[in-house]
Amino acid sequence: MRAAVWHGPRDVRVQDVPRRAPGRGEVAIAVAYCGICGSDLHEYADGPHAIPVGEPHPESGRAAPLTLGHEFSGTVAEVGPGVTGFAPGDRVAVEPHYRCGRCARCAAGEYNLCAHFGFAGLMGDGGLAERAVVPSYMLHRLPDGVSLRQAAVFEPAAVALHGVRRSGLRDGETAAVVGLGPIGLLVVRLAVRYGAGRVVACDPSPARRALARRLGAAETVDAGGLPPGAADLAFEAVGSGRALADCLAGTRRGGRTVLLGLGGTVTVDAFALVNNEQSIIGSVGYRDCHGELIRLAAEEGMDFTSIVTSVVPLAEVVRDGFRALLDTTEEIKVLVRP
């Protein structure tokens, strides 16, 4: 079968790989759509960051070279021994978190903080392939009326929903969103749904600001344009020190900033942070979000695919996916259709 395999930075190859049968507790998925995530771009551009090289990941047993892609949906093709609740033909969304089920955080239900934290498609073979084999606990069956294209966007939407939950958003609060990539745009939509009185969206791209308006933002501003102290909380969805500084300056005394962007070391004015009694909240991945997103799509008709700008074939994933996303701001979310 064909798959997009990471061999090293700027070295992703669409190649033939062996077709693996599902083992105990696993399911084989015929992949319908797989999104390209910002973390995939980091791995393509200058990885490895999360991809295991040399020593295999403890839950997947895999190391590079491996198949990328963790934002995917598809149809069950085959079930392995011991799998119950799924059968060939079931349409599913994949929640690609690996979890050991044994560590203290898993026991507490915080499986996104598992001691063996990881994602299929980064720490194990993922969905940029004609077929993917994953543990059955990653699957969510889709009801009629929820499309596989829609389901491929549930993974980034789960990141956004978990961030909104982590923020402690209260009805009527003003929320600022700095960075209008896929995650930031989905935060705009979900913050409005869960009670924000006003959302201010910040990005240098006029097209992305216009899309944020359509998703419910009351106001949009250019990068660095947040009014000082105007927001109760802010979401940093860029991954830069400059964006974090904008969030802290744009939130009131006692305000909160949620970090969603994948950034490195930053400098913070700790004196101002303490004196203003502001909080910085980390948010990684998600937990218990996919069921709610499926409900929003099925019962409320919420459509997350407005962030999708292109659908490309697997054969052109490097040129029309990775390179296009790195070279232009016109692309927001690219889905690959194996």
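Residues numbered from 1 in each chain as written. Predicted model: local features only at pLDDT ≥ 70, side-chain atom pairs only at ≥ 80, totals over all residues. Heavy atoms only, no water.

Student: Hey, could you go over the overall build of the protein chain for me, with residue numbers and the actual values?
Tutor: When you go through the protein chain residue by residue, the secondary structure sums to ten helices and 18 strands. The globule rule puts the C-alpha radius of gyration for 338 residues at 20 Å, and the 20 Å found for the protein chain is close to it. Projected onto the principal axes, the alpha-carbon positions of the protein chain cover approximately 55 × 40 × 40 Å. The proportion of buried residues among the 338 residues of the protein chain is 53%. Excluding contacts between residues fewer than 6 apart, the proportion of contacts in the protein chain whose partners are at least 24 apart in sequence is 69%. Total accessible area computed for the protein chain in this model is approximately 13,900 Å², and 50% of it derives from carbon and sulfur atoms. Charge separation in the protein chain, taken as the distance between the mean sites of 34 positive and 37 negative side-chain charges, equals 2 Å. (Helix = DSSP H or I, 4+ residues; strand = E, 2+ residues; numbered from the N terminus. Rg over C-alpha atoms; globule rule 2.2 N^0.38 Å. Buried < 20%, exposed > 50% of the residue type's maximum accessible area, 1.4 Å probe, protein only. Contact = heavy atoms within 4.5 Å. Areas by Shrake-Rupley, 256 points an atom, 1.4 Å probe, with all protein chains shown as cover. Lys, Arg positive; Asp, Glu negative; His and termini not counted. Charge placed at Lys NZ, Arg CZ, Asp CG, Glu CD.)

Student: Can you explain the layout of surface pockets? Please cite residues and give values.
Tutor: The gaps of empty space that remain are located by a probe, the size of a water molecule, rolled over the atoms. Taken as a whole, the second largest pocket spans an internal volume of roughly 410 Å³. Lining the second largest pocket are 23 residues, with Arg20, Arg62, Thr67, Asp125 and Val133 sitting closest to its centre. At the level of elements, strand 4 (66-67) and strand 9 (131-135) are the ones that each hand at least two residues to the lining of the second largest pocket. Tallying contributions element by element places strand 9 first for the lining of the second largest pocket, with five residues. (1 Å grid on protein atoms, 1.4 Å probe; cavity = no way out; pocket = protein on both sides within 12 Å on 5 of 7 lines; lining within 4 Å. Points joined across faces, edges and corners; volume = space filled by probe spheres on them.)

Student: Account for the pairing of strand 14 (residues 231-236), naming residues and giving values.
Tutor: Most of strand 14 sits out of view: six of its six residues are buried. As defined by bridge partners, strand 11 (residues 174-178) adjoins strand 14 across four bridges and the pair is classed as parallel. Within strand 14, the residue paired with Ala175 across the bridge is Leu233. Note: strand 14 against strand 15 (residues 251-259), five bridges, orientation parallel. Within the sheet, the bridge partner assigned to Ala234 lies in strand 15 and is Thr257. In this fold, strand 14 hands off to helix 7 (residues 241-250), which returns the chain to strand 15; that crossover is right-handed. (Pairing = 2+ DSSP bridges. Right-handed = clockwise from strand over helix to strand, strands pointing away.)

Student: Describe the sheet that holds strand 15, listing the residues and the values that go with them.
Tutor: The strand order across the open sheet built from six strands is 13-12-11-14-15-16, with neighbouring strands paired in parallel fashion. Strand pairing shows two members of the sheet lacking a second neighbour, strand 13 (219-221) and strand 16 (279-282), which therefore form its edges. Pairs of neighbouring strands in the sheet enclose a mean axial angle of 20°, with direction left out of account. Lying over the sheet, helix 7 contacts strand 11, strand 14, strand 15 and strand 16, oriented at roughly 150° with respect to strand 15. (Axes fitted to C-alpha atoms, helices over the stretch in contact; angles between N-to-C directions.)

Student: Residue-level account of a nonpolar patch on the surface, with values.
Tutor: Taken together, Val266, Val268 and Ile280 make up a surface patch of nonpolar side chains, about 180 Å² in accessible area. Its location among the elements puts Val266 in the loop between strand 15 and helix 8 (270-275). (Patch = residues over 30% accessible without salt bridge, like charges linked within 9 Å, V, L, I, M, F, W, Y side chains within 5 Å. Salt bridge = Lys/Arg side-chain N within 4 Å of Asp/Glu carboxyl O.)

Student: So what's going on with the sheet that holds strand 2 (residues 11-16)? Residues and values would help.
Tutor: The three strands are arranged 2-1-4 in an open sheet whose pairing can be described as antiparallel. The open sheet has two free edges, formed respectively by strand 2 and strand 4, since each of these has just one partner strand. Direction of pairing for strand 1 (residues 2-8) relative to strand 2: antiparallel, over a ladder of six bridges. Bridge assignment links Ala4 to a residue of strand 2, and that residue is Val14.

Student: If you had to explain the packing of aromatic side chains to someone new, which residues and values would you point to?
Tutor: The description of an aromatic ring pair uses the distance of the two centres, along with the angle that the planes make with each other. What the rule picks out here adds up to four aromatic pairs. Seen in terms of ring centroids, Phe117 and Phe119 are 5.3 Å apart; in terms of plane orientation they differ by 85°. Their pairing is edge-to-face. Classification of Phe117 by relative accessible area gives partly exposed; the value is 26%. By relative accessible area, which is 9% here, Phe119 ends up buried. Arranged with centres 6.2 Å apart and planes meeting at 80°, the rings of Phe154 and Phe304 form a pair that is edge-to-face. (Phe/Tyr/Trp six-rings, centres within 6.5 Å; stacked < 30°, edge-to-face > 60°.)

Student: If you had to explain unusual backbone geometry to someone new, which residues and values would you point to?
Tutor: Put simply, Gly47 and Pro48 share a cis peptide bond, and its omega is 10°. As for its position among the elements, Pro48 is in the loop between helix 1 (38-46) and strand 4. Here the amide bond leading from Ala64 into Pro65 is cis, since omega sits at 0°, within 30 degrees of zero. You can see Pro65 is positioned in the loop between helix 1 and strand 4. Positive phi outside glycine occurs at Arg10, with the angle close to 60°. Position of Arg10 among the secondary structure elements: in the loop between strand 1 and strand 2. Judged by relative accessible area, Arg10 falls into the exposed class, the value being 51%.

Everything listed here is a matter of coordinates, which is why it stays silent on function.
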